[in-house]
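Observations on the model geometry
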Amino acid sequence: MPAPILRPATPADVPALVALVTSAYRGESSRAGWTTEADFLDGNRIDADVLRADIARPRSRVLVAEREDGLAACAHVADEDGAGYFGMFSVRPDLQGGGLGKRLLDECERIVREEWRLPAMRMAVIDIRDALIGFYERRGYRRTGVFRPFPYGDPRYGIPLRDDLRFEVLEKRFDGSNA
């Protein structure tokens, strides 16, 4: 099969994106990959209305990797507080570990660095996700020690199965300074 094509998402992609993101993180289908959150979160991973707003807003891009058989991966990158923000990173569970995620992350970093000329990329990762944090650390991201609360009580982002969830901000600098 030919390499996936990277392109910006459109509003028509929203239903397929919701299904892709959910399959990568929640429920039994997510257990086929290594990014599952099924042991500590249930329910939604992304809200369709939030996704539509991300597609529409300025200096925000939802990228998709599309194959002949449909969407294979996606990520959201945006200009937030003078840095790039990276999120909604999802690769279809049966395609994880094949390099597609690295290619998509590289493209998001290129957008932030070259198109938007921002000095850094940030993301918020649930801090118990050691393997995922390790993936980002191998790509130059550093733990900042800045934590954000998990949105308990907001079912748009999932139903927590434990009460100790929080996000840690990771950062990668493009300007040569240390985080």
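Quick caveat, the model's predicted, so the values are computed rather than measured. (Residues numbered from 1 in each chain as written. Predicted model: local features only at pLDDT ≥ 70, side-chain atom pairs only at ≥ 80, totals over all residues. Heavy atoms only, no water.)

**Describing the pattern of salt bridges**
To keep it simple, the criterion reads: The term salt bridge refers to a pairing of a side-chain nitrogen on Lys or Arg with a carboxyl oxygen on Asp or Glu at a separation within 4 Å. What counts as a helix is a DSSP run of H or I of at least four residues, what counts as a strand is a run of E of at least two, and both are numbered from the N terminus. Three labels apply to residues, based on accessible area from a 1.4 Å probe with only protein chains included: buried if under 20% of the type maximum, exposed if over 50%, partly exposed otherwise in between.
One pass over the structure, following the stated rule, counts 26 salt bridges. Among the ionic pairs, D49 bridges to R52, the shortest N-O distance being 3.8 Å. Here D49 pairs with R52, and both are found in helix α2 (residues 48-56), just 3 residues apart, close to one helical turn. Among the residues examined, D49 registers a relative accessible area of 54% and is labelled exposed. When its relative accessible area of 41% is taken as the criterion, R52 is described as partly exposed. The partner of R162 in a salt bridge is D164, with the nearest N and O atoms 2.7 Å apart.

**Here we look at the packing of aromatic side chains**
Heads up, the condition is: Note on aromatic contacts: the rings of Phe and Tyr and the six-membered ring of Trp form a pair at centre separations within 6.5 Å, being stacked when their planes are under 30 degrees apart, edge-to-face when over 60 apart, and tilted otherwise. Charge over a ring is defined by NZ of Lys or CZ of Arg lying within 6 Å of the ring centre and within 35 degrees of the ring normal.
In this structure the tally under the stated criterion is 9 aromatic pairs. Taking the centre distance of 5.8 Å and the plane angle of 70° together, the rings of Y136 and Y141 count as edge-to-face. Here F150 and Y152 contribute two aromatic rings whose centre-to-centre distance is 5.2 Å and whose plane-to-plane angle is 70°, an arrangement assigned as edge-to-face. Looking at F150, the relative accessible area reads 7%, which means it is buried. A residue is classified by how much of its surface remains accessible, and Y152, at 36% relative accessible area, is partly exposed. Among the aromatic residues, those joined into a ring-pair cluster are W34, F86, F89, F135, Y136 and Y141. We note R45 situated over the ring of Y25; from NZ or CZ to the ring centre the distance is 3.8 Å.

**Examining the sheet that holds strand β9 (residues 166-173)**
Sheets are built from strands that pair by backbone hydrogen bonding, the pairs being arranged parallel or antiparallel. Let me state the cut-off plainly: Two strands make a pair as long as DSSP finds a minimum of two bridges between them. Fitted lines through C-alpha atoms serve as axes, helices being fitted only where they are in contact, and the angles separating the N-to-C directions of these axes extend from 0 to 180 degrees. Contacts were defined at the residue level, with two residues in contact if any of their heavy atoms lie within 4.5 Å.
Judged by pairing direction, the sheet is mixed, and its 7 strands sit side by side in the order β1-β3-β4-β5-β6-β9-β7 without closing on themselves. At either end of the open sheet lies a strand with only one pairing partner, and these are β1 (5-8) and β7 (142-149). Averaged over all pairs of adjacent strands, the angle between their axes in this sheet comes to 30°, without regard to strand direction. Of the pairings in the sheet, the one linking strand β6 (residues 120-126) to β9 comprises 7 bridges and is antiparallel in character. In the sheet register, A120 faces β9, and the bridge partner there is R173. Helix α4 (residues 130-137) contacts β5 (83-91), β6, β7 and β9 of the sheet and is inclined by roughly 170° relative to β6.

**Points about the layout of surface pockets**
A water-sized probe, rolled over the atoms, reveals where empty space remains. Our working definition: Note on definitions: the grid is 1 Å and covers protein atoms alone; a cavity is a set of points where a 1.4 Å probe fits but cannot get out; a pocket is an open set with protein on both sides within 12 Å along at least five of seven lines; lining residues have an atom within 4 Å of a point. Grid points are joined across faces, edges and corners, and a volume is the space filled by probe spheres set on the points. Lys, Arg, Asp and Glu make up the charged group, whereas Ala, Val, Leu, Ile, Met, Phe, Trp, Tyr, Cys and Pro make up the nonpolar group; the residues left over, Gly among them, are polar.
Of the voids in this model, the largest pocket is the one considered here, and its volume is about 790 Å³. Lining the largest pocket are 33 residues; nearest its centre among them are R45, Y85, G87, M88 and A124. Listing elements by their share of the lining of the largest pocket, those giving two or more residues are α2, β4 (70-80), β5, β6, α4 and β7. It is β5 that contributes the most residues to the lining of the largest pocket, 7 residues altogether. Tallied by class, the residues present in the lining of the largest pocket amount to 20 nonpolar, 3 polar and 10 charged. The space that makes up the second largest pocket amounts to roughly 200 Å³. Surrounding the second largest pocket, 16 residues form its lining, W34, V91, G97, G101 and F135 being those nearest its centre. Looking at the lining of the second largest pocket, the elements that each hand over two or more residues are β5, α3 (100-115) and α4.

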